[in-house]
Amino acid sequence: MADNERKSLGSRITGSMVWTSIFRTPFPTTRSERLKSILNNVFLHLHPAKLSRHAVKLKYTWCMGGLSFYLFIVLTISGILLMFYYRPTVEYAYTDIVDLSEQVPMGIMREIHRWTAHMMVITVLLHMFRVFMTGSYKPPREFNWVVGVLLLTLTLFLSFTGYLLPWDQLAIWAITVGTNMARATPFLGHEGPGAALLAIGDINLVTMSSDVRFALLGGRFVGESALLRFYVLHCVALPFIIMIMMSVHFWRIRRDGNISGPL
Amino acid sequence: MLELIKNTIDFLSQPSISLTMILVAFPFVFPPTEKFDVWHRKLKLHKIWTKQGGLIGLVFITLYFFLGFTDEHFSLILKKPDNVPIIFIIYSVLFFLWLSMYQAYENDKRMAAGEPVAEYYPAKEKVLVWPDLVFIEFIALILMTVFLLIWSIALPAPLEQAANPTLSPNPAKAPWYFLGLQEMLVYFDPWIAGVLFPSLMILGLMAIPYFDRNKEGSGYYSFAQRRKSIFIFLYGWLVLWIFPIVVGTFFRGPNWNFFGPFEEWSVAKVVALSNVNLSDYIWVKMLRIGLPSNPLIRESVGIVFILAYFGVIPIVLARGKLRALLEKLGPIRYGLIVFLALAMMLLPIKMYLRWTLNLKYIIAIPEAFFNI
């Protein structure tokens, strides 16, 4: 009994049955515990347990890949919080956004979401730049570079679809400019080269109400259905795809021999 | 004196002049061959990639933005909340360009002296991820969080009037990362600027590891071992991606007209639009017989030009300067590389044709929306 009373509260918690059932290894102090702490944790085991010394240097990695992933998590959390208050309809979208900053004391959730989004585009671009400048796309990592380019594209699309949601002048005209290009898609846009060839007799198959821009907007101009489509793409479809691609990306980093380095 | 500096910067910022300066300087700053490297060192340009060079560059850019923030016209554009990331991206792109080139040059020196690169550690010398990496990541994550919180508190996210489909702003701009594409719309139709070029960019980026078969320079910074591939990538990254974004953000005002950074964005600025198609030049101005009615005959010269550009140049190069490349990579890889390189060159070529000859389209078949 006397022994138990001298134990601190902290060690009682970390020694409890519940705690040890969650964390199999105690706070690591020895070499083998440190190795185990990485292997036994689902989040930390994204990493190998040991790395070459250069791989942990900031001037080599710039930490850009890791930061991109972190910013994605920040965006997911702040995005979920925003979804509680935001309704993607022409009637409510703009006023909901106004309320986020006017009705909430210190309401900066939208700021966090928007600036984090800009930041993520920058970190993903710089991550690509770092990977190129260290020649890390070379075999055996060539396919992971391809996955990375897809992730960059998805990041841009995520940012682009989110741009419409505040439903202000900046949003709808930026999306109008962006999606107007889609009408010139060769064969698939009604003002694209070759679209006129896709016709049965005199009936054009690719028209203003059937081309790729129409599919993207759900209409002939940026309106109610475009807002809903961009909302679903932004909050569900693209995050779903990007999470799958990220899993592949991280998995392949480990499979392709961890981070690149000189042989 | 200040006015003179501002006017000079305004003048130099015009795409025709700034792009020319960048294109001329490019091979000397990032020498793709040994010959250019000799000049690179003669002109002491390798000093850019030293600590002093980086510091001087930093001072110049900061002075530029200081001048901008104190100027009544430029500060309006710089202070737009959505433009703040662009200032940030200019700093970070240039800083990380310097950081990678600095380390590359250090490594090149080491390798020339027969030493291993700075990233090299004996295989036995491994570190444990806990604590050596996990803690670095944790600190980076906290610093980033603090940075984002300060940014979010200090700068409200932009919100303009509620959407109004009947009232278009002038200029209507795409989000900043697509402004490069919007800038290309000045020179190309949407099917090229908005669809074809972006697709080629994505495919070209994906294809890099399959084109670049140089085994050297994997896993460490180096320039001397990878001159050509770094030169081509940086051309795409800086000239075709970052440069048009900067021009599109800072220098394009009402009616998408060019405005120098210190110029007022006036709706009244009139720019003569006197662009002429190649077919007009040939049939109307030179032959004086008027345009033929058949579009294929009308545009025959332009079609021949484009076919020759993409068809003949690769063959000529394969027999001449690029024979070694063809032999090393085989015909398929060689053909794709030269095609993508020619496509990358098409933008500046069209720009210069526009600036010198007021050329609108090389091939103009508006009947089929096929204009190049």
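Model, not experiment: these values are computed from the prediction.

**Digging into empty space enclosed by the protein**
All names here are of chain B. If you walk through the whole model with that rule in mind, you get one cavity of 30 Å³ or more. Roughly 40 Å³ of internal volume is contained in the largest cavity. What lines the largest cavity is simply Leu19, Leu23, Tyr235, Val239, Leu240, Phe243, Pro244, Leu347, Pro348 and Met351. By residue number, the principal contributor to the lining of the largest cavity is helix α11 (residues 227-250), which donates five residues.

**Digging into the interface of chain B and chain A**
Taken together, the 92 residues of chain B in the interface contact 87 residues of chain A. A combined buried area of about 8,400 Å² lies between chain B and chain A, and 74% of that area is made up of carbon and sulfur atoms. Our count for the contact surface shared by chain B and chain A stands at three salt bridges. Put simply, A:Arg114 and B:Asp82 hold a salt bridge, and the shortest N to O gap is 2.7 Å. It is helix α8 (residues 134-154) of chain B that contributes the most residues to the side of chain B that touches chain A, 13 residues altogether. Residues of the side of chain B that touches chain A, tallied by class, amount to 65 nonpolar, 16 polar and eleven charged. Strand direction decides the pairing type here: strand β1 (residues 50-52) of chain A and strand β1 (residues 126-128) of chain B, joined by three bridges, are antiparallel. Bridging from a neighbouring strand, A:Lys50 pairs with B:Leu128 of β1(B).

**Regarding a positive patch on the surface**
Residues A:Lys57, A:Lys59, B:Lys51 and B:Arg110 make up a contiguous surface patch of positive charge. Position of B:Arg110 among the secondary structure elements: in helix α6 (residues 84-112).

**A few points about the nonpolar core**
Grouped together as the largest cluster of nonpolar side chains are 155 residues, with contacts concentrated most on B:Phe30, B:Leu234, B:Trp237 and B:Phe250. With 16 residues, the top contributor of residues to this core is α11(B). Ignoring anything within four residues of it in the chain, the contact list for B:Phe30 reads B:Trp49, B:Leu97, B:Met101, B:Phe223, B:Phe231, B:Leu234 and B:Leu238. A:Ile38, A:Leu44, A:Ala49 and B:Val134 belong to the second largest nonpolar core, which has eleven residues in total.

**Details of the domain arrangement of chain B**
All names here are of chain B. Splitting chain B by domain gives domain 1 (1-119 + 130-157 + 172-271) and domain 2 (273-372). For domain 1 versus domain 2, the separation of C-alpha centres amounts to 29 Å. Taken together, the contacts link 23 residues of domain 1 with 23 residues of domain 2. For domain 1, the biggest contributors to the area lost against domain 2 are Tyr187, Phe188 and Phe211; these three give 29% of the whole. One can count zero salt bridges joining domain 1 with domain 2. Inspection of the region where domain 1 meets domain 2 yields eight residue pairs in polar contact (both at pLDDT 80 or more). Elements with a minimum of two residues in the side of domain 1 that touches domain 2: α2 (15-29), α10 (190-211) and α11. Considering every element that reaches the side of domain 1 that touches domain 2, the biggest residue donor is α10, with seven residues. Here the side of domain 1 that touches domain 2 is built from residues that sort into 17 nonpolar, four polar and two charged.

**Regarding helix α9 (residues 142-164) of chain A**
Under the 1.5 Å per step criterion, the end-to-end length of α9(A) is 35 Å for 23 residues, consistent within 8% with the ideal 33 Å. With 18 of its 23 residues buried, α9(A) lies for the most part within the structure.

What counts as what
Residues numbered from 1 in each chain as written. Chains lettered and ligands numbered in written order. Predicted model: local features only at pLDDT ≥ 70, side-chain atom pairs only at ≥ 80, totals over all residues. Heavy atoms only, no water. 1 Å grid on protein atoms, 1.4 Å probe; cavity = no way out; pocket = protein on both sides within 12 Å on 5 of 7 lines; lining within 4 Å. Points joined across faces, edges and corners; volume = space filled by probe spheres on them. Helix = DSSP H or I, 4+ residues; strand = E, 2+ residues; numbered from the N terminus. Contact = heavy atoms within 4.5 Å. Buried area = accessible area lost by both parts, 1.4 Å probe. Salt bridge = Lys/Arg side-chain N within 4 Å of Asp/Glu carboxyl O. Nonpolar A, V, L, I, M, F, W, Y, C, P; charged D, E, K, R; others polar. Pairing = 2+ DSSP bridges. Patch = residues over 30% accessible without salt bridge, like charges linked within 9 Å, V, L, I, M, F, W, Y side chains within 5 Å. Areas by Shrake-Rupley, 256 points an atom, 1.4 Å probe, with all protein chains shown as cover. Lys, Arg positive; Asp, Glu negative; His and termini not counted. Charge placed at Lys NZ, Arg CZ, Asp CG, Glu CD. Core = buried A, V, L, I, M, F, W, Y, C linked by side-chain atoms within 4.5 Å. Buried < 20%, exposed > 50% of the residue type's maximum accessible area, 1.4 Å probe, protein only. Domains from an automatic or database assignment. Polar contact = N/O pair within 3.5 Å; in protein donor to acceptor, adjacent residues only side chain to side chain. Expected span 1.5 Å × (residues − 1).

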